[in-house]
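Results of the structural survey
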Amino acid sequence: MSGTPIRLLLVDDHPVVRDGLRGMFTAAPGFEVVGEAGDGAEALPLIAALSPDVVLMDLRMPRMDGVTTIRTMAERGLTSRVLVLTTYDTDADVLPAVRAGATGYLLKDAARDDLFHAVREAARGASVIAPTVAAKLLGQVREPVREALSPREVEVLELVASGVTNREAAARLFISEATVKTHLIHIYTKLDVKDRASAVAAGYNLGLLTPTPPR
């Protein structure tokens, strides 16, 4: 790709952030900003139409967040690389983004040259991960491997996270209340927790549950 600018799409719900990034990359050789969007819903048609080399993506945005956007890109066969650029480095943010297919993960306090380097690496398919984020990923790798929740168990956990009772969960899933309780026992065992609140917390921490964006 020597001599050809890296084509960038900027996705962030803060116009001032997009303005700063656009100015930074426009002034630097080797980059071309081909478009920008305020959230994932706005970004997806642009990604499909423009086929940027790299999408610089925030995570927490209205309407459609970054993780959902990355997953939807994969479902639609959109092959642009995604470099996450966010202020958040919690497990609940990092793990879902990486699992969804993000090529790299940087924090917004990254130095300009580090950001340029990360975009170049992402364009060629290599990963650049912020040190604090890498430490979290390594910590997850070192944890004992847990048995994965079944799709039905994830459904039950999602309902628990939304605050419904066992009876309400049973009605929504068209199963008995006793079956819901059995699923919960399996969930507690697999997540190594003892109650509903801890199960929900573990679900967010492991990326099984996605935080609802603020309205």
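For the structure itself, look to the data block above.
Calculation rules
Residues numbered from 1 in each chain as written. Predicted model: local features only at pLDDT ≥ 70, side-chain atom pairs only at ≥ 80, totals over all residues. Heavy atoms only, no water. Helix = DSSP H or I, 4+ residues; strand = E, 2+ residues; numbered from the N terminus. Buried < 20%, exposed > 50% of the residue type's maximum accessible area, 1.4 Å probe, protein only. Areas by Shrake-Rupley, 256 points an atom, 1.4 Å probe, with all protein chains shown as cover. Pairing = 2+ DSSP bridges. Expected span 1.5 Å × (residues − 1). Contact = heavy atoms within 4.5 Å. Axes fitted to C-alpha atoms, helices over the stretch in contact; angles between N-to-C directions. Parallel < 35°, antiparallel > 145°, perpendicular 65-115°, else oblique. Nonpolar A, V, L, I, M, F, W, Y, C, P; charged D, E, K, R; others polar. Core = buried A, V, L, I, M, F, W, Y, C linked by side-chain atoms within 4.5 Å.

Concerning the overall build of the protein chain
In terms of helices and strands, the protein chain carries ten helices and five strands. By residue count, 44% of the 215 residues in the protein chain fall in the buried class. Carbon and sulfur atoms make up 54% of the accessible area of the protein chain, which totals about 11,200 Å².

Describing the pairing of strand S5 (residues 104–107)
Side chains Gly 104 and Leu 106 of S5 all project onto a buried face; the interleaved residues Tyr 105 and Leu 107 project onto the opposite face, where all are buried too. Sheet topology places strand S4 (residues 81–86) next to S5; four bridges connect them, and they run parallel. When the bridges of S5 are listed, Val 84 appears paired with Tyr 105.

Some details on helix H5 (residues 112–123)
Taking 1.5 Å of rise per residue, the twelve residues of H5 would be expected to cover 16 Å, and the 17 Å separating its terminal C-alpha atoms lies within 8% of that figure. Looking at H5, one finds that the buried residues are Leu 115, Phe 116, Ala 118, Val 119, Glu 121, Ala 122 and Ala 123. In this structure, the buried residues of H5 make contact with strand S1 (6–11), helix H1 (15–27), strand S2 (31–37), strand S3 (54–57), S4 and S5. Note on H5: the residue one or two positions beyond its end, Gly 125, has a positive phi of about 90°.

Quick look at unusual backbone geometry
Unusually for a residue other than glycine, Phe 174 sits at a positive phi of about 60°. Checked against the element boundaries, Phe 174 lands in the loop between helix H8 (166–173) and helix H9 (177–191). Of note in the backbone geometry, Asp 192 takes a positive phi value of approximately 60° without being a glycine. Along the polypeptide, Asp 192 turns up in the loop between H9 and helix H10 (196–205).

Description of the environment of Met 57
Of note, Met 57 is situated in strand S3. Residue classification places Met 57 among the buried residues on the basis of a relative accessible area of 0%. Met 57 sits 46 residues away from Val 11 along the chain, and the two C-alpha atoms are 4.9 Å apart. Among residues more than four places away in sequence, those in contact with Met 57 are Val 11, Gly 66, Thr 69, Ile 70, Met 73, Val 82, Leu 83, Val 84 and Leu 85.

Digging into the packing of H1 against H5
For the pair H1 and H5, interaxial distance at closest approach is 12 Å and the crossing angle is 75°. In this view, H1 runs roughly perpendicular relative to H5, as classed from their interaxial angle. Along its contact with H1, which presents Leu 21, Met 24 and Phe 25, the element H5 presents Arg 112, Leu 115, Phe 116 and Val 119. Along the lines of polarity and charge, the residues of the contact of H1 with H5 split into six nonpolar, no polar and one charged.

A word on the sheet that holds S5
The five strands lie next to each other as S2-S1-S3-S4-S5, forming an open sheet whose pairing is parallel. Among the strands making up the open sheet, the edge pair consists of S2 and S5. If you compare each strand with its neighbour and ignore which way they point, the axes differ by 25° on average. In this sheet, S4 lies alongside S3 in parallel orientation, the contact comprising four bridges. Within S4, the residue paired with Val 54 across the bridge is Arg 81. Helix H3 (residues 66–75) rests against S3 and S4 of the sheet, and its axis sits at about 160° to S3.

Observations concerning the nonpolar core
Counting residues in hydrophobic clusters, the biggest one holds 44 residues, and the most contacted among them are Phe 25, Leu 56, Leu 83, Leu 115 and Val 119. Examining the composition of this core, we find that six residues originate from one element, H5, more than from any other. Contact partners of Phe 25, with chain neighbours within four places excluded, come to Leu 8, Phe 31, Val 33, Leu 56, Leu 115, Phe 116 and Val 119. Among the nonpolar cores identified, the runner-up in size contains 21 residues, and Val 154, Val 160, Tyr 188 and Ala 199 belong to it.

Interpretation in functional terms is not warranted from these geometric data alone.
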